[in-house]
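Chain by chain, the residues:
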Amino acid sequence: MKKIEAIIQPFKVEPVKEALHKISVQGMTVTEVKGFGRQKGIREVYRGMEYQVDFLPKVKIEVVAPEDKVKAVVETIIKNARTGRIGDGKIFVFPVEEVIRIRTGETGEDAV
Amino acid sequence: MNPADTAFVLVSAALVMLMTPGLALFYGGMVRSKNVLATIMQNFILLGVVGVQWALFGYSLAFGPDVGHLIGSLDWVGLNGVGLEPFKAYSETIPHQTFMIYQAMFAIITPALITGAWAERMKFSAFLVFMVLWATLVYDPVAHWVWGDGGWLKNLGALDFAGGTVVHINAGIAALAAALVMGRRHGFGTEAFIPHNLPMTILGAGLLWFGWFGFNAGSALAAGALASSAFTATHLATCAAVLSWVGAEWFHRGKPTTLGAASGAVAGLVAVTPAAGYVGPMSAILIGLGAGIVCYLAVLAKVKLGYDDSLDVVGVHCIGGIWGALATGLFATKAVNAAGGDGLFFGNPGQLGIQALAVLATLIFSFVVSWVLLKLIDATMGLRVTTEDEVAGLDLAEHQEAGYSL
């Protein structure tokens, strides 16, 4: 099993969620996050004064998938989150040691 | 005595009361989230502090029997003699007590305006001491000069319908003294002090605009033609100032902002305050257009001059107030208010001089007394919280609370 963690543009959350749903991803966790990469920050203006804001709003999507589905999940996210412009975000893939469903105590891929 | 006038002024008093919590939200949205409650509290608590001060001796000092054209006597301490019959010098048609409670709301919001200057760094205890002293030694005398029976600026014929000098220039210049004595916030120039909740600021601006109808139209002290004219002038000037501020920043920075719209509204309301009962509708629009641009430039100038007036009290209230007081000397006409005067554009250039004198007297007196009071408090109990508390935020450090717990 792997955990796929994707940091994407906030306005791409809906299309990514829909597309993952279509390839039968059962669940996900979504968090509003802030950060910067090569895009750096943006400038905001209040009462004529400019401020450099380093941390941009992004959304982090976390999905756990069995090995045979990892490639499909990653490709789906790339396909639906890409604009081709700077600031599209990144995807990280981690190994997952164990999954346990709290309600039933099931473990492993059954619990995903 | 007239029941319609009494009802109108009582409702106006309630409207002006709502401006103080409105101001609290206007300011509260502009600070960082760690200081939202402290900022709101510095306004809300003044309803209590100045409300009681006013009844005990403030009203007597401001409106009591004249002493040397400078201040009221202590004859009306504890509202002694402030009864339910009209006091002819102020109004023949409403109870004296109605006039007193209406004026109480002005006495409360004026010091509240200053709190924007020292937002995010002043100690609550020092704030309370300064506010009581300022209300007593600055607001009450200046209110007497302009509005009190026998006050020297009133006798001179200075036109200030609803408080351009007494309220806005007075508070605005005290804000400059405060920003200078207090010094800049920790991190000024290196950290971004970004407003944490602009929807709250817009709501506050809306409440201020709403309450301001009581402030300006209510100052007619009668439900009649003059109140209607002041109401109209107030609204039109404010509409125009929203457009000119937003237009100026759109031209200058490329984007129209909501904070600009809210700031423009307040700038327009400030500028039309002295003029409301003396000018026609088209003059009001010109006053508003001027206010949006003048105040926008004044706010920009702050950055160049380097003082940290956190929420732009000087740029909006002092500069907007000066523009409004002088504009009254330009646009006033007896066609609107026979009891008022004519301005420069209506054949009486002398009025502009009288307006300038009233502005100058208020600027000097308020700045000097505020400066001295702040220095005294700084030397004895200290004005600012520690740097540690400033970084942690005043909500936790001064009030043991958090504005948001999510």
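Predicted model, so just to flag it, every value in this text is computed and none were measured.

Caption draft 1: Spatial organisation of the layout of surface pockets. All names here are of chain B. Taken as a whole, the largest pocket spans an internal volume of roughly 680 Å³. In this structure, the largest pocket is lined by 26 residues; those nearest its centre are Y90, K154, S219, L221 and Y278. Listed by contribution, the elements that provide at least two residues to the lining of the largest pocket are α3 (96–114) and α4 (124–147). If one sorts the elements of the lining of the largest pocket by residue count, α3 sits on top with three residues. Residues belonging to the lining of the largest pocket are distributed by class as follows: 16 nonpolar, seven polar and three charged.

Caption draft 2: Seen up close, α3(B). With 19 residues, α3(B) extends 29 Å between its outermost C-alpha atoms, agreeing within 8% with the 27 Å of an ideal straight helix rising 1.5 Å per residue. In terms of burial, α3(B) is a largely internal element, 17 of the 19 residues being buried.

Caption draft 3: Quick peek at the sheet that holds strand β5 (residues 56–65) of chain A. Residue and element names in this part refer to chain A. Read across the open sheet, the four strands follow the order β2-β5-β1-β6; overall the sheet is antiparallel. Each edge of the sheet is formed by a strand with only one pairing partner; in this case those strands are β2 (29–35) and β6 (89–95). The sheet shows a mean angle of 20° between the axes of neighbouring strands, direction not considered. Looking at chain direction, strand β1 (residues 2–8) and β6 are connected through seven bridges and run antiparallel. Counted as the bridge partner of E5 is F92 from β6.

Caption draft 4: Expanded view of the confidence of the model for chain B. Of the residues in chain B, 100% reach a pLDDT of 70 or more, and the chain-wide mean stands at 97. Model confidence for the complex: the whole-complex pTM is 0.89, and ipTM, which rates the interface, is 0.74.

Caption draft 5: Up close: unusual backbone geometry. Residue and element names in this part refer to chain B. Notably, E120 is not glycine yet its phi reads approximately 80°, a positive angle. Tracing the backbone shows E120 in the loop between α3 and α4. Take E120: its relative accessible area is 2%, and that puts it in the buried class.

Caption draft 6: Here's a closer look at empty space enclosed by the protein. Taken as a whole and assessed by the stated rule, the structure comprises two cavities of 30 Å³ or more. As for the largest cavity, its lining consists of B:A38, B:T39, B:Q42, B:T115, B:W118, B:A119, B:E120, B:R121, B:M122 and B:L394. Tallying contributions element by element places helix α2 (residues 36–63) of chain B first for the lining of the largest cavity, with three residues. Its residues placed into classes, the lining of the largest cavity shows five nonpolar, three polar and two charged. In this structure, the second largest cavity encloses a volume near 30 Å³. Surrounding the second largest cavity, A:R47, B:F26, B:Y27, B:V266, B:L311, B:D312, B:V316 and B:H317 form its lining. Elements represented by at least two residues in the lining of the second largest cavity include exactly α1 (3–28) and α11 (313–331) of chain B. Residue composition of the lining of the second largest cavity, by class: five nonpolar, one polar and two charged.

How each quantity is defined
Residues numbered from 1 in each chain as written. Chains lettered and ligands numbered in written order. Predicted model: local features only at pLDDT ≥ 70, side-chain atom pairs only at ≥ 80, totals over all residues. Heavy atoms only, no water. 1 Å grid on protein atoms, 1.4 Å probe; cavity = no way out; pocket = protein on both sides within 12 Å on 5 of 7 lines; lining within 4 Å. Points joined across faces, edges and corners; volume = space filled by probe spheres on them. Helix = DSSP H or I, 4+ residues; strand = E, 2+ residues; numbered from the N terminus. Nonpolar A, V, L, I, M, F, W, Y, C, P; charged D, E, K, R; others polar. Expected span 1.5 Å × (residues − 1). Buried < 20%, exposed > 50% of the residue type's maximum accessible area, 1.4 Å probe, protein only. Pairing = 2+ DSSP bridges. Axes fitted to C-alpha atoms, helices over the stretch in contact; angles between N-to-C directions. pLDDT = per-residue confidence, 0-100.

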